[in-house]
Structures are given as C-alpha cells and as structure tokens.
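Observations on the three-dimensional arrangement
Next come the chains, spelled out residue by residue.
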Amino acid sequence: MCSYIVEEVALTGSAKGQAGWMSVDTANVYFDHPYHASLDHALGIDFINRKDGARERVAIEISAESARELAKAMLAALERGEMEHGALEHI
Amino acid sequence: MSYLAMTAEIVSFSGHNGDEGEAYYARPSGNGPFGGVVLIHHMPGWDDWTAEAARKLAHHGFACIAPHLYFREKPGTPDDCAARARAAGGVSDDQVMGDVSGCADFLRSLPHSNGKVAVMGFCSGGRQSYLAGCRIANLDAVVDCWGGAVIVDDPKDLTPQRPVAPIDLSENLTAPLLGLFGNDDPRPSPDQVNRHEEVLKTLGKTYEFHRYDGAGHGFFASERPGYRVEQANDGWRKVYAFLGSNIGPAATVD
C-alpha cells in the first residue's frame, strides 16, 4: 500500500540538479513504491530547499539493501574523513 | 470486443473548488455511446502506468479519464508534484473526491457518453475509489484494486487529510463493487479483506471480491518485480467483464 510516511531531516549543504547547484536545507526520506526504479519498494530521498519554496529537488530511489549499504558508507566516509582531516591539521 | 482505434490526449476538467485540473483522457474512436471510467492513480503520482491503464480501458470500449491529482503542486513534472504532495502528507480526501466528481461530470458531458460512470483505482487509488463509491452520488460501478487503509486498525493512522476510514462509510455504497487482492499483500492483508467483505455482506451490498494466490501488492504493475502475469491477465479480464456488465452497452439496454 502506498505510504504517506516521510522522515524529514533538516540539513545544511548543496545539491546538483538539472538547473545546476542549489542550496538545500531539507531531506525528505521515505520508503514506498518508486516512480522510476524497477523495484516494488524503494528508499526515496528528496533534497529540497524549503525556505525557497521547494520548487526544485534532487531525488534518488534505491533498494532497501542499497540504502543500508549507503548509510554504512556515509558513516564510514565521515569517520575516515574526519580522522584524516584532523591528522592533516597537525601537519 | 476490442477497439483498435482510439484517441488519447490531455484534457482540462473542473475539479475541487472549481480548480481547473489536467487529466489523461483515452477513449475508443467512434460515436459509441461508451461508458466512462475515472481512473485514480496511486500515491507516487500520475505516471506512465496510469496512462497505459487508461489506454487498456479505451481498447476495451470505455472512455477513461485519469486526473492528475497533484496538479495544484505545479510547476514541475508529475513526480516532482507527487514529491511535494508527499512532503505535505498527501492530498485530502475531500480534494480527491472533488476532483473525481469533476471528472465524472466531464465524462457524462461528452456526446459519446452513455451516461454511466465507474471509478477505478490502484493502491491508494483503490482506497479512494471505494471512498468515492461511498461519497459520490450516481456512480454506476466501483473497482478497488488492492486499496489499503479502507479498514484502519490504528486510529493514529487517521489524519486531517484522511480523517475517516472508508469502511465506516460503507452503508452509503450504492454501486456494484469489484475488488481485486493478492493473498500475499500485507496491506491490505487477507484478514483485512475478509473483514471488508463481512461488512459488505452484512450491509447487503452488491460486490465481487477476487483474491489471487502467489500475488502480493500491485501485481498488475508490469514494470515492477511484483508483476504476476497469470493473475494480472485474469484480473484484467474480471475488470473488463465487470465494467461491461455495469457501464457497457449491455448495461444500457432496456
């Protein structure tokens, strides 16, 4: 069944869409039937700028397994990256 | 009977609050008269599948209008509009009923209409079809394809946009109902479908439910892994037969 459940995350950063780079302040995250991906259900993320009216978005639809791998990769990249950048500051 | 020739185009309709909406409209060529179907898309949006389903219905002799339920979220592509609607918690039942009612009026206004209108939908559209059957007067048939949340077990699932469980309005259903469900679907689950059927029996409603083994949710969707060819082929045959009996030429013979 289609779901209206959305997890909203406030964030700081930029995303590149069809019109080029844009500031984003929100990610809407949901698990539902996809629009494009050939999956029965997909983890969808819409990166938007709510302050600017959310007219543009950068979107992905990925499988649940991919989403879990992506979450692990994000945390791993942060851990390593923060360590390396912390090490570089001491050079 | 198959209608190989058809017209398919984007049309305007007068929706909820008189808002001018857009819809995909497919109809058999010729003067008919033809029965009409309002086809309700599912939550992810007004998509290729919706247009394909509308053309299938036209191929089988029905004039089909599929409104874009998120046109008020434009500009943007249909999936962008759906994303905005989703972020807002979906559109209200009142708005959908207004848009569906406007589309029914559109169908009846056409010179090739036989005056009969059905409403049909998939998934959340199935729920909304059932709701339309309970809230909109003068519908001639309702097709609910695996609509979840007709029965609401947790009151917290009721929202300002969807404040009433459709099952609670079943007494007002006047048109015959066709329901198609996969027995591997968790929502609606077989138990929920059973309970839905009990309500219809108790109220003496005219209905037929068909449940398919080996099929889960959305088993008509040929572009997704859940597609089940035999079950979908049989399901579509049931749809054509049901619509033919209730809004087709046989339904208008005195």
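Provided above is the structure to which this section pertains.
These remarks concern the structure in this document.

Each value, and the rule that gives it
- Residues numbered from 1 in each chain as written.
- Chains lettered and ligands numbered in written order.
- Predicted model: local features only at pLDDT ≥ 70, side-chain atom pairs only at ≥ 80, totals over all residues.
- Pairing = 2+ DSSP bridges.
- Helix = DSSP H or I, 4+ residues; strand = E, 2+ residues; numbered from the N terminus.
- Axes fitted to C-alpha atoms, helices over the stretch in contact; angles between N-to-C directions.
- Contact = placed C-beta atoms within 7 Å.
- Nonpolar A, V, L, I, M, F, W, Y, C, P; charged D, E, K, R; others polar.

So, about the sheet that holds strand β6 (residues 141-145) of chain B. Residues and elements named next belong to chain B. Strand order in the open sheet made by the eight strands is β1-β2-β4-β3-β5-β6-β7-β8, with mixed pairing throughout. Edge positions in the sheet fall to β1 (6-14) and β8 (207-212), since each has one partner strand and no second. For this sheet, the mean inter-axis angle between neighbouring strands, taken without regard to orientation, is 20°. Packed on one face of the sheet, helix α6 (residues 229-247) meets β3 (34-40), β4 (62-67), β5 (113-122), β6, β7 (177-182) and β8 and runs near 165° to β6.

Pairing in this open sheet of four strands is antiparallel, and the strands run β1-β2-β3-β4 (chain A) from one edge to the other. The sheet is open, and its two borders are formed by β1 (7-17) and β4 (57-62) of chain A, each paired with just one other strand. On average, adjacent strands in this sheet sit at an angle of 30° to one another, irrespective of strand direction. Examined bridge by bridge, strand β2 (residues 20-32) of chain A and strand β3 (residues 42-48) of chain A share seven bridges and lie antiparallel to one another. Across the sheet, residue Thr26(A) finds its bridge partner in β3(A), namely Ile48(A). Each of β2, β3 and β4 of chain A is contacted by helix α2 (residues 78-87) of chain B, which is oriented at about 85° to β4(A), the strand it contacts most.

A separate point is the interface of chain B and chain A. If you look at the interface, chain B gives 26 residues, while chain A gives 17 residues. Element by element, the count of residues in the side of chain B that touches chain A is highest for α2(B), at seven residues. A per-class count over the side of chain B that touches chain A returns nine nonpolar, nine polar and eight charged.

All we've got here are geometric facts, nothing functional implied.
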